[in-house]
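Tertiary structure, described
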Amino acid sequence: MASAIALLFWLCIKTWRRIWKGPADNSQTASPVIYCVWHNHLVLAVASYDDDALEKWHKKGLVTMVSASGDGAFLAAVLAKFGVESIRGSTSRRGPQALLEATRWLRKGYSIAITPDGPRGPSHQIQNGIISLAQVSGRPIIPISNFTRWKIRLPSWDRFQIPLPFARCELYDNDPIWVPRDATETDRKQLRSRLEEAMRAITPD
């Protein structure tokens, strides 16, 4: 089943017209980085990992953090078909272990993609995990989002979005956010709010 879904996804990607619109210029931000992506924009975000993204943030590869649930296992199998590694865990399950694994991948030169409002929401609200990873690893968070009018929304907690074939897809990134290693709890709370604002600024819907 994972192979069939991956093939369908690949065929759809070939029809999408993807346009990077900024507003940030992160081309000089050294890799590896931590991508911040809303859960309901994940499909197009994965498709954005193309030549344009690689030109901005050249890296050894991409690793995603996915839920330790059964649905997460299926998603990991699909991502593997595109050469994307997966870390199993979330804030509710295997949180500390997932954080340790993500730090190791970053040290090896791989970038990490995280949906900070997943796996169960609330939608478009940043949880603590991504801030902790940036603080421990010393790597920047790159806010990533996208928009397309031609899509379907699933009846899920976040109204998960899937672009339809031949959709025009706008891709956005915002300025990098660094979390100092000596950041206090107050600093972390402020940076979490700043990241949430940066994400919402580049998310039309």
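Described below are features of the structure shown in this document. (Residues numbered from 1 in each chain as written. Predicted model: local features only at pLDDT ≥ 70, side-chain atom pairs only at ≥ 80, totals over all residues. Heavy atoms only, no water.)

Points about the packing of helix H5 (residues 95-107) against helix H6 (residues 129-137)
Rules: Note on geometry: axes are C-alpha line fits, over the in-contact stretch for helices, and angles between N-to-C directions span 0 to 180 degrees. Here a strand is any run of E in DSSP of at least two residues, a helix any run of H or I of at least four, and the numbering for each starts at the N terminus. Under this scheme an angle from 65 to 115 degrees is roughly perpendicular, one under 35 degrees roughly parallel, and one over 145 degrees roughly antiparallel; angles in between are oblique. A crossing counts as left-handed when the near helix is turned anticlockwise from the far one by less than a right angle, and as right-handed when that turn is clockwise. Note on definitions: a residue-residue contact is assigned when non-hydrogen atoms from the two residues lie within 4.5 Å.
Two numbers describe how H5 lies on H6: the axes approach to 10 Å, and their chain directions differ by 45 degrees. When the axes of H5 and H6 are compared, the pair comes out oblique. Crossing of H5 over H6 shows right-handed handedness. When H5 is examined against H6, the residues Leu99, Ala102, Thr103 and Leu106 are found in contact with a partner set consisting of Ser132, Leu133, Val136 and Ser137.

Quick look at helix H7 (residues 185-201)
For the α-helix, the turn length of 3.6 residues means that residues three or four positions removed from each other point alike. Applied cut-off: In this analysis, the expected span of each helix is defined as 1.5 Å times one less than the number of residues it contains.
If you check H7, its first and last C-alpha atoms are 24 Å apart, about what 17 residues at 1.5 Å a residue would give, namely 24 Å. Elements in contact with the buried residues of H7: strand E2 (34-37), H6 and strand E6 (141-147).

Remarks on the pattern of salt bridges
Selection rule: Should a side-chain nitrogen of Lys or Arg be within 4 Å of a carboxyl oxygen of Asp or Glu, the pair is scored as a salt bridge. Burial status follows relative accessibility: with a 1.4 Å probe on protein chains alone, a residue under 20% of its type maximum counts as buried, one over 50% as exposed, and anything between as partly exposed.
Under the defined criterion, the tally for this structure stands at five salt bridges. The closest approach of N and O atoms between Arg188 and Glu185, which form a salt bridge, is 3.5 Å. Taken as a pair, Arg188 and Glu185 lie in helix H7 at a separation of three residues, close to a single helical turn. What makes Arg188 buried here is its relative accessible area of 12%. For Glu185, a relative accessible area of 52% puts it in the exposed group. Put simply, Glu196 and Arg200 hold a salt bridge, and the shortest N to O gap is 3.3 Å. Here Glu196 pairs with Arg200, and both are found in helix H7, just four residues apart, close to one helical turn. The exposure class of Glu196 is buried, given its relative accessible area of 18%. Connected through shared salt-bridge partners, Lys151, Arg153 and Asp205 make up one network.

Details of the pairing of strand E4 (residues 85-88)
Side chains on a regular strand alternate between the two faces of the sheet. Rules: In this scheme, strands are said to pair when DSSP sees at least two bridges between them. Handedness of a crossover: with both strands directed away from the viewer, a clockwise path from the first strand across the helix to the second marks it as right-handed.
Across four bridges, strand E3 (residues 62-66) lies against E4 in parallel orientation. Across the sheet, Val66 pairs through a bridge with Arg88, a residue of E4. Running through helix H4 (residues 70-80), the crossover from E3 to the neighbouring parallel element E4 is right-handed.

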